[in-house]
Amino acid sequence: MGKLTNIFKDTAIYGLSSIIGRFLNYLLVPLYTAKMSAASGGYGIITNVYAYTALIMVLLTFGMETTYFRFTNKEHEDSMTVYSTTLITVGTLALGFVALLFLFITPLSQFMGYGDHPSYVWVMGVTVAIDAFLCIPFAYLRQQKKALKFATLKLLNIAVSILLNVIYFAWMDGKEVGYAFYINLACSTMLGFCLIKELTGFRYAFNKALLRRMLSYSWPILVLGIAGILNQTADKMLFPYIYEGTDKLEQLGIYGACSKIAMIMAMITQAFRFAYEPIVFAGVKDKDQHEMYAKAMKYFIIFTLLAFLIVVGYMDILKYIIRNQDYWVGLKVVPIVMAAEIMMGIYFNLSFWYKVIDKTIWGAIFSGIGCAVLLIVNVIFVPRYGYMACAWGGFAGYGVAMLISYFVGQKYYPINYPLRDIILYVLLSIGMFCLMRATNEWPLLPSLLFNTLLIIFFVAYIVWKDLPLSKLPIIGNKFKK
């Protein structure tokens with residue numbers, strides 16, 4: 001249980017910073033939607049551009065975060081040589097990308113539909129290049145178990161971003177979309193200065209032989225990452241090209257704004273990953289590792305299902321994150337997107353079997369299949385059903401990738417997951433979700449009260465089944481016989 005306890009402790013730090021950070025970022029949603037009506041297409045532009053930057057981030061990091069963790073924990077590898085080689089590699093990729101970006105800025109911005117505003121493209125391009133490079137010193141902080149500094153810097157970055165956005169969009173009553181991108185660039189630059197200690201004070205050493213070994217490990221992770229991020233962003237990139245209506249940016253903005261409410265699942269998964277990944281690779285030879293995988297999976301599913309029920313149960317309150325009621329028509333995508341995020345988190349947990357046995361090619365295959373499913377659903381159904389097809393495409397893509405990864409993984413790296421318990425929790429949450437949906441036509445207060453009772457029942461079941469009070473520290477002493 002020691003490693004599992006460490007995961008929960010680090011997840012609490014990473015998770016708190018992630019949840020607080022995402023909550024602060026949520027403040028931008030009411031700010032942007034208040035200043036930009038759905039019809040203006042402003043939030044649609046933000047949604048579209050950020051989708052591109054997420055894909056570029058994966059390309060520029062080239063799977064080197066996970067590769068760094070793997071190689072820095074290998075015997076006979078010098079950890080600082082691994083670190084500096086990784087920094088030089090990602091830094092070179094980032095600089096090359098920026099150079100190509102400025103060289104082809106005119107045709108690129110025209111292709112993306114922003115020929116009149118090329119600054120949208122180059123500003124976010126430079127920002128994502130900086131962020132990609134900074135991913136490596138942040139990975140170094142995680143590997144060194146400096147969770148507090150990691151969390152502090154992430155929160156500082158978000159706090160400054162919020163402050164600058166409030167100053168421009170609220171205090172100065174600004175409405176120009178491009179300023180949101182300039183603010184991101186300023187914050188990323190500031191973050192680089194905050195990580196000077198992690199970028200200096202050691203001798204940079206570039207090892208070509210080491211890089212070749214690292215690249216042979218990382219390229220399938222890159223393919224996996226591309227497919228994975230396309231599962232999250234392809235719909236937002238493709239939508240303007242395949243949707244047949246004339247209100248493309250308006251509809252995309254509605255989908256993007258409402259999907260933000262569902263991102264609590266992304267927060268939980270990201271926090272879990274930050275804590276889980278370094279521990280997994282550090283203890284890859286431990287005998288109790290299989291048991292730890294199984295338990296971690298079970299608790300991950302339990303608490304994501306609880307988060308799902310909380311969001312669905314209090315949707316009538318959470319929808320006010322989106323200030324402009326023009327966007328509320330898209331709230332029906334929230335449960336679908338959240339369910340897709342849960343499956344994505346499960347898929348991430350399943351992914352460690354092929355990472356620890358150095359068979360990352362499997363991840364590329366699984367993610368590629370999932371991405372293909374998503375793209376097929378989008379191309380066929382978005383022209384007719386709009387953003388609802390985007391939501392169901394993500395659900396289908398993650399579901400397929402999750403199932404294939406599980407069945408293949410049980411053949412090559414079998415883990416005895418507590419499937420019976422997991423299925424019971426899933427069925428219970430589905431039943432409660434259906435009951436919550438049945439209260440949609442009720443008055444607000446009775447609906448919230450009923451949903452609260454359902455959530456309390458779910459928590460009580462968790463405590464009774466898997467978190468008995470007698471086992472909790474301090475409090476548990478009062479329940480022991």
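Values in this document were obtained by computation on a predicted structure and should not be read as measured data. (Residues numbered from 1 in each chain as written. Predicted model: local features only at pLDDT ≥ 70, side-chain atom pairs only at ≥ 80, totals over all residues. Heavy atoms only, no water.)

Here's the deal with the overall build of the chain
Helix and strand counts for the chain stand at 21 helices and zero strands. Relative to its full complement of 481 residues, the chain shows a buried share of 55%. Here the analysis covers contacts within the chain between residues at least 6 apart in sequence; of these, 82% occur between residues at least 24 apart. Counting only carbon and sulfur atoms, one obtains 68% of the accessible surface of the chain, whose full area is about 21700 Å². (Helix = DSSP H or I, 4+ residues; strand = E, 2+ residues; numbered from the N terminus. Buried < 20%, exposed > 50% of the residue type's maximum accessible area, 1.4 Å probe, protein only. Contact = heavy atoms within 4.5 Å. Areas by Shrake-Rupley, 256 points an atom, 1.4 Å probe, with all protein chains shown as cover.)

Some remarks on the layout of surface pockets
For the largest pocket, the calculated volume is near 780 Å³. Looking at the lining of the largest pocket, the element that brings in the most residues is helix α20 (residues 419–438), giving eight residues. Counted by class, the lining of the largest pocket contains 24 nonpolar, one polar and two charged residues. (1 Å grid on protein atoms, 1.4 Å probe; cavity = no way out; pocket = protein on both sides within 12 Å on 5 of 7 lines; lining within 4 Å. Points joined across faces, edges and corners; volume = space filled by probe spheres on them. Nonpolar A, V, L, I, M, F, W, Y, C, P; charged D, E, K, R; others polar.)

Quick word on the packing of aromatic side chains
Tallied over the entire structure, the rule returns 34 aromatic pairs. With 6.2 Å between their ring centres and 45 degrees between their planes, phenylalanine 381 and tyrosine 385 make a pair best called tilted. Taken together, the residues span about one helical turn, with phenylalanine 381 and tyrosine 385 both in helix α18 (residues 361–385) at a distance of four residues. According to the relative accessible area criterion, phenylalanine 381 is partly exposed, its value standing at 39%. Between the NZ or CZ atom of lysine 154 and the centre of the ring of phenylalanine 138, over which it lies, the distance is 4.2 Å. (Phe/Tyr/Trp six-rings, centres within 6.5 Å; stacked < 30°, edge-to-face > 60°. Lys NZ or Arg CZ within 6 Å of the ring centre and 35° of its normal.)

Here's the deal with the packing of helix α2 (residues 28–35) against helix α8 (residues 147–171)
Where α2 meets α8, the axes come as close as 11 Å, and the angle between the chain directions of the two elements is 20 degrees. Relative to α8, α2 is oriented roughly parallel. Remark: the crossing between α2 and α8 carries left-handed chirality. For the pair α2 and α8, the contacting residues are Leu28, Leu31, Tyr32 and Lys35 in the first and Ser161, Ile162, Asn165, Val166, Phe169 and Ala170 in the second. By residue class, the composition of the contact of α2 with α8 is seven nonpolar, two polar and one charged. (Axes fitted to C-alpha atoms, helices over the stretch in contact; angles between N-to-C directions. Parallel < 35°, antiparallel > 145°, perpendicular 65-115°, else oblique. Left-handed = near helix turned anticlockwise from the far one by under 90°.)

So, the packing of α18 against helix α19 (residues 387–412)
Remark: α18 packs on α19, axes separated minimally by 8 Å, with the N-to-C direction vectors making an angle of 160 degrees. Taken together, the axes of α18 and α19 lie roughly antiparallel to each other. For the element pair α18 and α19, the recorded crossing hand is right-handed. When the residues that make up the contact of α18 with α19 are grouped by side-chain class, the tally is 20 nonpolar, six polar and no charged.

Brief notes about the side chain of serine 405
Residue placement: serine 405 occurs in helix α19. The contact partners of serine 405, leaving out residues within four places of it in the chain, are Tyr347, Leu350, Trp353, Tyr354 and Phe366.

Describing empty space enclosed by the protein
Under the definition given, this model contains two cavities of 30 Å³ or more. By volume, the second largest cavity is sized at about 40 Å³. Forming the walls of the second largest cavity are Leu350, Trp353, Ser405, Tyr406, Gly409, Gln410, Tyr413, Ile415 and Tyr417. Counting residues per element, the lining of the second largest cavity draws most heavily on α19, at four residues. Looking at the lining of the second largest cavity, its residues break down into six nonpolar, three polar and no charged.

Notes on the environment of glycine 399
With respect to the element layout, glycine 399 can be found in helix α19. Distance from glycine 399 to alanine 339, taken between C-alpha atoms, is 9.4 Å for residues 60 residues apart in sequence.

Brief notes about the pattern of salt bridges
Counting across every chain of the model gives nine salt bridges. Across the pair aspartate 421 and lysine 298 runs a salt bridge whose closest N-O atoms are separated by 3.0 Å. Of the two residues, aspartate 421 sits in helix α20 while lysine 298 sits in helix α14 (residues 289–313), which places them 123 residues apart along the sequence. Each member of the pair, aspartate 421 together with lysine 298, is buried. For the salt bridge of aspartate 466 with lysine 298, the shortest nitrogen-to-oxygen distance reads 2.4 Å. Here aspartate 466, found in the segment after α21 (444–465), pairs with lysine 298, found in helix α14; they are 168 residues apart in sequence, far enough to count as distant. Residue classification places lysine 298 among the buried positions, given a relative accessible area of 11%. (Salt bridge = Lys/Arg side-chain N within 4 Å of Asp/Glu carboxyl O.)

Comments concerning a nonpolar patch on the surface
Nonpolar side chains collect at one region of the surface, where Leu163, Leu164, Ile167, Trp171 and Met172 lie side by side and expose about 540 Å² of accessible area between them. Look at methionine 172 and you get exposed, because its relative accessible area is 52%. (Patch = residues over 30% accessible without salt bridge, like charges linked within 9 Å, V, L, I, M, F, W, Y side chains within 5 Å.)

Description of the environment of phenylalanine 169
Among the secondary structure elements, phenylalanine 169 is positioned in helix α8. Looking at phenylalanine 169, the relative accessible area reads 0%, which means it is buried. For the pair phenylalanine 169 and leucine 28, spaced 141 residues apart in the sequence, the C-alpha separation amounts to 9.7 Å. Those residues in contact with phenylalanine 169, other than ones at most four positions away along the chain, are Leu31, Tyr32, Lys35, Met36, Gly174, Lys175, Glu176 and Ala180.

A look at unusual backbone geometry
In the Ramachandran plot, phenylalanine 62 falls in the positive-phi region, its phi being about 55 degrees despite a non-glycine side chain. You can see phenylalanine 62 is positioned in the loop between α3 (42–61) and α4 (64–72). Residue phenylalanine 62 is classed as partly exposed on the basis of its relative accessible area, which comes to 23%.

As for α4
Among the nine residues that make up α4, nine are buried, leaving the element largely enclosed by the rest of the structure. Among all positions of α4, only Met64, Glu65, Thr66, Thr67, Tyr68, Phe69, Arg70, Phe71 and Thr72 are buried.

Remarks on the environment of glycine 174
Tracing the chain through its elements places glycine 174 in the loop between α8 and α9 (178–194). Separated by 139 residues in the primary sequence, glycine 174 and lysine 35 have C-alpha atoms spaced 8.1 Å apart. If we ignore the near neighbours within four places in the chain, the residues touching glycine 174 are Lys35, Tyr168 and Phe169.

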